[in-house]
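Here's the letter readout for the chains.
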Amino acid sequence: MALVKKKHPLVFAALKRRPEWPSIEQAASVRPTPFFATWHPEVFDLWLSHALVPLPSGDEGSVQLATPKWGEAAVFAETEGLGQGWDKLPELRVPVGFVMAGVPTATQGEEATREMVWRAPICANEIFSDAGHLVSNSKAKRSETDGKIVQEKPDELADAIARFIGNLLLPAPENGKL
């Protein structure tokens, strides 16, 4: 497991995640932990109401993650999709918008991130300097915990998406006529 932790930290984090609780109230008790502490309150409430489902074989009221931890780990372990996506970015003929984290760990660092966001021929990019993707922005522990744009900054993300959609500039047709 030490090799998985070192080479595939997101896989390791998914596999060690707690999968069930005796009640929804017990599940809500995770709120102050580093992973959830920075989440927007409404997003945390949505997690409680949609990411947890009744535990089929448990006591009444017990809940489990809707996505089993092995399923999440499998998504993080799949390696071909990232490379295929990277290769196809220059071929896209539709506008692409990137909302990037200030801590580019999940995108293989600053240099790879800078290259990625300009690979698509028609693109717009925004960075949230005070957020990361599944990495901590706290001085205490920079690992797999907080800094999730969707979970922490849903209003700002919605604004970024609205700006992208509102500012779409499509290239002129090849013949120059509309």
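Residues numbered from 1 in each chain as written. Predicted model: local features only at pLDDT ≥ 70, side-chain atom pairs only at ≥ 80, totals over all residues. Heavy atoms only, no water.

Asker: How should the overall build of the protein be read in this particular structure?
Answerer: Scanning the protein for helices and strands turns up 10 helices and 5 strands. Looking at the protein as a whole, 29% of its 178 residues are labelled buried. The long-range fraction of contacts in the protein, counting pairs at least 24 apart against all pairs at least 6 apart in sequence, stands at 58%. Counting only carbon and sulfur atoms, one obtains 60% of the accessible surface of the protein, whose full area is about 11900 Å². (Helix = DSSP H or I, 4+ residues; strand = E, 2+ residues; numbered from the N terminus. Buried < 20%, exposed > 50% of the residue type's maximum accessible area, 1.4 Å probe, protein only. Contact = heavy atoms within 4.5 Å. Areas by Shrake-Rupley, 256 points an atom, 1.4 Å probe, with all protein chains shown as cover.)

Asker: What should I look at first to understand the pattern of salt bridges in this one?
Answerer: For side chains bearing opposite charge, pairing can occur when the charged atoms are close. Taken as a whole, this structure holds 4 salt bridges when the rule is applied. The shortest N-O distance in the salt bridge between Glu-72 and Arg-17 comes to 2.5 Å. With a gap of 55 residues between them, Glu-72 in helix α6 (residues 69–77) and Arg-17 in the loop between α2 (9–16) and β1 (20–21) connect regions that are remote in the sequence. In this structure, Glu-91 engages Lys-88 in a salt bridge whose closest nitrogen and oxygen atoms are separated by 3.7 Å. (Salt bridge = Lys/Arg side-chain N within 4 Å of Asp/Glu carboxyl O.)

Asker: Any chance you could explain the packing of aromatic side chains here in plain terms?
Answerer: Two numbers describe a pair of aromatic rings. These are the distance of the centres and the angle of the planes. In total, this model carries 7 aromatic pairs according to the counting rule given. Relative to Phe-44, the ring of Phe-36 lies with its centre 5.6 Å away and its plane at 75 degrees, an arrangement referred to as edge-to-face. Of the two residues, Phe-36 and Phe-44, both sit in the buried class. Through a chain of ring-to-ring contacts, the aromatic side chains of Trp-21, Phe-35, Phe-36, Trp-39, Phe-44 and Trp-47 assemble into a single cluster. A cation over an aromatic ring shows up here: Arg-17 above the ring of Phe-35, its NZ or CZ 5.2 Å from the ring centre. (Phe/Tyr/Trp six-rings, centres within 6.5 Å; stacked < 30°, edge-to-face > 60°. Lys NZ or Arg CZ within 6 Å of the ring centre and 35° of its normal.)

Asker: Would you mind going over a nonpolar patch on the surface with me for this structure?
Answerer: On the surface, Ile-161, Ile-165 and Leu-168 cluster together to form a nonpolar patch covering roughly 270 Å² of accessible area. The exposed category is assigned to Ile-165, whose relative accessible area is 55%. (Patch = residues over 30% accessible without salt bridge, like charges linked within 9 Å, V, L, I, M, F, W, Y side chains within 5 Å.)

Asker: Just checking my understanding: could you explain the nonpolar core for this structure?
Answerer: Nonpolar side chains in soluble globular proteins tend to be buried together. Counting 13 residues, the largest nonpolar core has Trp-21, Phe-36, Trp-39, Phe-44, Trp-47 and Leu-52 as the members making the most contacts within it. For this core, the secondary-structure elements that each account for two or more residues are α4 (34–37), α5 (41–50) and β3 (63–65). Here this core gets 4 residues from one element, more than from any other, and that element is α5. Ignoring sequence-local partners within four residues, the contact set of Trp-21 consists of Gln-26, Ala-27, Val-30, Trp-47, Leu-52, Ser-62, Val-63 and Leu-65. By size, the runner-up hydrophobic cluster in this structure holds 7 residues, among which are Leu-89, Val-96, Phe-98 and Ala-120. (Core = buried A, V, L, I, M, F, W, Y, C linked by side-chain atoms within 4.5 Å.)

Asker: Teacher, can you tell me more about the sheet that holds strand β2 (residues 52–54) here?
Answerer: Pairing between the strands of a sheet is mediated by backbone hydrogen bonds and can be parallel or antiparallel. Strand order across the open sheet formed by 3 strands is β1-β3-β2, with antiparallel pairing between neighbours. For this open sheet the edge positions go to β1 and β2, each flanked by a neighbour on one side alone. Examined bridge by bridge, β2 and β3 share 3 bridges and lie antiparallel to one another. Residue pairing for β3: Val-53 is matched across the bridge by Gln-64. α5 contacts β1, β2 and β3 of the sheet and is inclined by roughly 30 degrees relative to β2. (Pairing = 2+ DSSP bridges. Axes fitted to C-alpha atoms, helices over the stretch in contact; angles between N-to-C directions.)

Asker: Teacher, can you tell me more about the side chain of His-40 here?
Answerer: Tracing the sequence through the fold places His-40 in the loop between α4 and α5. A distance of 3.1 Å separates the side chain of His-40 from the backbone nitrogen of Glu-42, its partner in a polar contact. Apart from residues no more than four positions distant in its own chain, His-40 is found in contact with Arg-31, Gln-151, Glu-152, Pro-154 and Asp-155. (Polar contact = N/O pair within 3.5 Å; in protein donor to acceptor, adjacent residues only side chain to side chain.)

Asker: I'm lost on a negative patch on the surface in this one. Help?
Answerer: Taken together, Glu-42, Asp-45, Asp-155, Glu-156 and Asp-159 make up a surface patch of like negative charges. Broken down by secondary-structure element, the contributors of at least two residues to the negative patch are α5 and α10 (154–166). Ranked by the residues each element gives to the negative patch, the list is headed by α10, at 3 residues. Within the element layout of this structure, Asp-159 appears in helix α10. (Lys, Arg positive; Asp, Glu negative; His and termini not counted. Charge placed at Lys NZ, Arg CZ, Asp CG, Glu CD.)

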